[in-house]
Amino acid sequence: MEGTAPFGARLAEAVAARGPLCAGIDPHPGLLDSWGLPRDVSGMENFALKAVDALAPEVAVVKPQSAFFEAYGAAGIAVLERVIAQAKEAGALVLLDVKRGDIGSTMAAYAAAYLGGETRLDADAITVSPYLGFGSLGPALKAAGKGVFVLARTSNPEAARLQNALLDNGKTVAQSIVDHAAECNAGARPLGDVGVVVGATIAPGELRLDELNGPVLAPGFGAQGAGVAELHKLFGSPLRGVLAASSRDILRHGPDPAALREGARRIAATLAG
């Protein structure tokens, strides 16, 4: 499928071919330690490129966490550019986890940087924050052929008080975000381009996702405690449009590339079962 096809269609095709596992590329200092690598740019580069080389040919989506690269300044950004390029070359879609959200020309600049196709940070999709108003995300939502995953109900404990707060219309903040995303996806086939981020560890029944018609990124799968059973309780069976995001559970198998690939395959097999 051509790269200019809508993100939702490209994602559906990739998941059909490779399964719904989304592999995080997170050069966390603790993981560098466990791989026996120094906590400097050389160690981070070794970690990130080895991980993407092993995982990008296996999974539908890789998700670099931008913050772990930004922490090293310009040298870290250069490594992130290489990660994005190598993941695309291996046939994976790149979901860049940047959680950007701003207004006017600033949001337009973020969209140009990550979704505009003119920089080496260009990704297939990014994570965005709607907390300056869903409408402020317009420049990212309008990026042709690209996807966004909007933070809706995240798995961190601090999120519940805000995201489950009730609005005047009786909906929670999180449900309102899901409903806005659903409006953007109306009529799209097989999936719309606007996804939501819903933690795999939240309580079943908190959100209605039946009208979303878009993808769901489910962090919290694996090391944070949610397994396949929890995914099915939250999102139903089969897991249509749900990307199970796993980072530490895969990356702990490194630094051996074969062990990384086998770890990803084992996790993917549990999702397919």
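No experiment lies behind these values; they were computed from the predicted model shown. (Residues numbered from 1 in each chain as written. Predicted model: local features only at pLDDT ≥ 70, side-chain atom pairs only at ≥ 80, totals over all residues. Heavy atoms only, no water.)

Q: Give me the nonpolar core: which residues, what numbers.
A: With 72 residues, the main nonpolar core has Ile126, Val196, Leu209, Leu231 and Phe235 as its most contacted residues. No other element matches helix H3 (residues 41-55), which puts 8 residues into this core. For leucine 209, the residues in contact, after removing those within four places along its chain, are Val178, Val196, Val198, Val216 and Phe235. With 15 residues, the next largest nonpolar core counts Phe7, Ala14, Leu95 and Leu217 among its residues. (Core = buried A, V, L, I, M, F, W, Y, C linked by side-chain atoms within 4.5 Å. Buried < 20%, exposed > 50% of the residue type's maximum accessible area, 1.4 Å probe, protein only. Helix = DSSP H or I, 4+ residues; strand = E, 2+ residues; numbered from the N terminus. Contact = heavy atoms within 4.5 Å.)

Q: Describe in detail the sheet that holds strand E8 (residues 242-246), supporting the description with residues and values.
A: Taken in spatial order, the 8 strands line up as E1-E2-E3-E4-E5-E6-E7-E8 and close into a barrel, and their pairing is parallel. The sheet shows a mean angle of 30° between the axes of neighbouring strands, direction not considered. As judged from the 2 bridges shared by strand E6 (residues 194-198) and strand E7 (residues 216-218), these two strands associate in the parallel manner. Bridge pairing in E7 links valine 196 to valine 216. Here helix H5 (residues 73-89) sits on the sheet in contact with strand E2 (61-64) and strand E3 (93-100), set at roughly 145° to E3. Against the sheet, helix H12 (residues 257-272) makes contact with strand E1 (21-25) and E8, and its axis sits at roughly 145° relative to E1, the strand it touches most. (Pairing = 2+ DSSP bridges. Axes fitted to C-alpha atoms, helices over the stretch in contact; angles between N-to-C directions.)

Q: Which residues make up the pattern of salt bridges, and what values do they have?
A: Applying the stated criterion across every chain, the model contains 15 salt bridges. Here arginine 208 makes a salt bridge to aspartate 210, at a shortest N to O gap of 2.8 Å. Each member of the pair, arginine 208 together with aspartate 210, is exposed. Between aspartate 249 and arginine 252 there is a salt bridge, with the nearest N and O atoms lying 3.8 Å from each other. Residue aspartate 249 is classed as partly exposed on the basis of its relative accessible area of 22%. For arginine 252, a relative accessible area of 55% corresponds to the exposed category. Salt bridges linked by common partners bring Lys63, Asp97 and Lys99 together as one network. (Salt bridge = Lys/Arg side-chain N within 4 Å of Asp/Glu carboxyl O.)

Q: Describe the packing of aromatic side chains, with residues and values.
A: A complete count under the given rule lists 3 aromatic pairs for this structure. With centroids separated by 4.1 Å and ring planes inclined at 40°, the aromatic side chains of tryptophan 35 and phenylalanine 47 adopt a geometry described as tilted. Here the residue tryptophan 35 occupies a position in the loop between helix H2 (29-34) and H3, and phenylalanine 47 occupies one in helix H3, the gap between them amounting to 12 residues. A relative accessible area of 0% places phenylalanine 47 in the buried class. (Phe/Tyr/Trp six-rings, centres within 6.5 Å; stacked < 30°, edge-to-face > 60°.)

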